[in-house]
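Fold and contact review
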There are 2 protein chains.
Amino acid sequence: MKNTPLVRKLGTFVALSDVELSVIETLHKRRRTFVAGRDLVHQGQSDQAAYILASGWACSYKILPDGERQIIDFQIPGDFLGLRSVLLHMSDHSIEPITDIEVSEVMVGDLLDAFGKTPRLAMAVLWAASRDEAMVVEHLVDIGRRTAIERMAHFLLELGSRLALVGMGNKSGYQCPLTQYLMADALGLSAVHVNRVLRQLREEGMVSFRDGLVVFENYNKLVDFAGFDEAYLDHGGPLLA
Amino acid sequence: MKNTPLVRKLGTFVALSDVELSVIETLHKRRRTFVAGRDLVHQGQSDQAAYILASGWACSYKILPDGERQIIDFQIPGDFLGLRSVLLHMSDHSIEPITDIEVSEVMVGDLLDAFGKTPRLAMAVLWAASRDEAMVVEHLVDIGRRTAIERMAHFLLELGSRLALVGMGNKSGYQCPLTQYLMADALGLSAVHVNRVLRQLREEGMVSFRDGLVVFENYNKLVDFAGFDEAYLDHGGPLLA
DNA sequence: GCCTTAGACTGACTTCGATCAGTCCACCCT
DNA sequence: AGGGTGGACTGATCGAAGTCAGTCTAAGGC
């Protein structure tokens, strides 16, 4: 229990006591698995549970009336799925597993109880939500003000940092199950252009992405090129002692 | 006290008891005012306070290394300013008052205490944070997948709904102190293009924006055109009894 | 072995929105 | 009255990214 991706993540924010750890444990209810491609939260649906992702990758997205899709973010182990939907009692987005995934269900009621027992956990969850928001903000800046190549560079770096935090990657690279279509929908580009942009990054010797493997050929050059600052993801040590 | 914009907003989520109302009151510390144009939170700065906006408009934005600016969102009365910065112990963005503003300061410690006293308030704040995130997500979709005109239409509608919630606007229009430059930076467009797009919307008889006044000429047509669904902003009544 | 499908990849052409380079007007100053 | 400034507004030109229409390969079905 002490080393699930979630605990690892929350632990970077508040130093968690044994009591708090066991409260977290009570949150994990039923363990469930979902197969790749079948939505587990549907836009417009209400009153479903939230989940904590234990293994696999998922993505949250919105479909516009005209059928266009915008991927909001990808979720990796340790991330909440559908927390916002539960709080707003209505899902403004859908969530789809990209690979087969394992999750544990979290009930809103249990969350409320947990907050009552330990307000520090409330802060930790609020922190996790803030961090998610910071990532969305970063994507907003990406799409609003960065060129296609910078956007892709920034995106690959952010994923790398997030994966590193849960031990699934490092500065030399990581496994990545995303297709170019998925990246296009996340970055507000066409799949065709994603392909061109990946080629450019490869030709300029910064990153390559082939056969589900991202390899940082020149990490520093890439960070510099993308204007990447990981402060919003990790801050090196608990903030609340 | 019972009718500040903040209470009105949180009240749409949880039905607040008198005890909770008074706990909220203890959060409001020093009352302060800031003049238009001078940043009150600065990107990169750490450990400052959060604020609740009492009157006036502000905007949160990020400056990229290359000097480009992306406005993340505009804040209107009842909104938190810099809550995320306090939680992450580091501001990933700046906040600038657009008009002269009045705020009340909130201390993190007080927030933690308040959560201890009433977990329902923790839920309410978490809800407010989720709603902010939902708005950022909507902007992301805007910029990623909508054309410039749809984006503008959606933006003006969203602002209208938010203002209506705090009694500062309705379906026929509202006062709006934003310049075309500010809107450009928020929508990921150039100021020149903002101007053209506003002209088109005016010529097609949907909205006009002149002399600081937004007038919905044909609300339904505009909603339809923008694909606007306000579910993420307001859900008609408290969700937590 | 053949057919289908998913995904990576490419060239040719088009378009949306940026950029450049202004004008015009209202509202300060002094 | 003249000068300065901020914001709204416009036409001309340009370029980044989209769209269209494909090819190629690997994997899976039967």
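Residues numbered from 1 in each chain as written. Chains lettered and ligands numbered in written order. Predicted model: local features only at pLDDT ≥ 70, side-chain atom pairs only at ≥ 80, totals over all residues. Heavy atoms only, no water.

All right, on to the interface of chain A and chain B then. Taken residue by residue, the interface counts 51 residues in chain A and 51 residues in chain B. For the chain A and chain B pair, buried surface summed over both sides reaches about 4800 Å², with 73% attributable to carbon and sulfur atoms. Counting across the interface, chain A meets chain B through eight salt bridges. The closest approach of N and O atoms between K62 of chain A and E138 of chain B, which form a salt bridge, is 2.5 Å. If you look at where chain A meets chain B, you find 11 residue pairs in polar contact (both at pLDDT 80 or more). Secondary structure elements with two or more residues in the side of chain A that touches chain B: β4 (69–75), α3 (83–87), α4 (108–117), α5 (119–145) and α7 (180–187) of chain A. (Contact = heavy atoms within 4.5 Å. Buried area = accessible area lost by both parts, 1.4 Å probe. Salt bridge = Lys/Arg side-chain N within 4 Å of Asp/Glu carboxyl O. Polar contact = N/O pair within 3.5 Å; in protein donor to acceptor, adjacent residues only side chain to side chain. Helix = DSSP H or I, 4+ residues; strand = E, 2+ residues; numbered from the N terminus.)

Time to look at the sheet that holds strand β7 (residues 101–106) of chain B. Read across the open sheet, the four strands follow the order β1-β7-β2-β5 (chain B); overall the sheet is antiparallel. Edge positions in the open sheet fall to β1 (31–34) and β5 (80–81) of chain B, since each of these has one partner strand only. (Pairing = 2+ DSSP bridges.)

The subject of this paragraph is the protein's contact with DNA strand C. In the region of DNA strand C, 16 residues are neighbours, and Q180 and R199 of chain A together with L189, H193 and R196 of chain B sit closest. When the atoms of DNA strand C within 4 Å of the protein are sorted by group, sugar and phosphate make up 71%. One nitrogen or oxygen atom from the side chain of R210 of chain A is found 3.4 Å from a phosphate oxygen belonging to DNA strand C. At 2.9 Å from a phosphate oxygen of DNA strand C is found a main-chain nitrogen or oxygen belonging to A148 of chain B. Among the secondary structure elements, those contributing two or more residues to the surface near DNA strand C are α8 (191–203) of chain A together with α8 (191–203) of chain B. (Near = heavy atom within 4 Å.)

Attention shifts here to the pairing of strand β9 (residues 207–210) of chain B. All names here are of chain B. Two strands pair when backbone bridges link them, and β9 and strand β10 (residues 213–216) are joined in this way by four bridges, in the antiparallel orientation. Residue pairing in the sheet places S208 in a bridge with V215 of β10. Counting the residues in the hairpin turn of β9 and β10 gives two residues, including D211, whose phi is positive at 50°.

With the rule as written, the count across this model stands at 31 salt bridges over all chains. Ionic pairing is found between R162 of chain A and D73 of chain A, a salt bridge with its closest N-O pair at 3.2 Å. Of this pair, R162 of chain A sits in helix α6 (residues 148–165) while D73 of chain A sits in strand β4, and the two are 89 residues apart along the sequence. Residue E158 of chain A pairs with R162 of chain A through a salt bridge whose shortest N-O separation is 3.9 Å. With E158 of chain A and R162 of chain A both in helix α6 and four residues apart, this pair spans about one turn of that helix. Ionic contacts of the salt-bridge type, sharing partners, join the residues E68, R69, E96 and D185 of chain A together with R145 of chain B into one network.

Before going further, it helps to examine the environment of R162 of chain B. On the basis of relative accessibility, which here comes to 3%, the residue R162 of chain B falls in the buried class. Setting aside anything within four residues of it in sequence, one finds R162 of chain B in contact with D73, F74, Q75, I76, D79, R131, M135 and L233 of chain B. (Buried < 20%, exposed > 50% of the residue type's maximum accessible area, 1.4 Å probe, protein only.)

All names here are of chain A. With domains assigned, chain A is organised as domain 1 (5–131) and domain 2 (147–232). Listed by partner, the interface residues are 17 residues for domain 1 and 17 residues for domain 2. The tally of links between domain 1 and domain 2 comes to three salt bridges. Close ionic contact of R162 with D79 constitutes a salt bridge, the shortest N to O distance being 2.8 Å. If you look at where domain 1 meets domain 2, you find seven residue pairs in polar contact (both at pLDDT 80 or more). Breaking the side of domain 1 that touches domain 2 down by element, the ones donating at least two residues are α1 (5–11) and β4. (Domains from an automatic or database assignment.)

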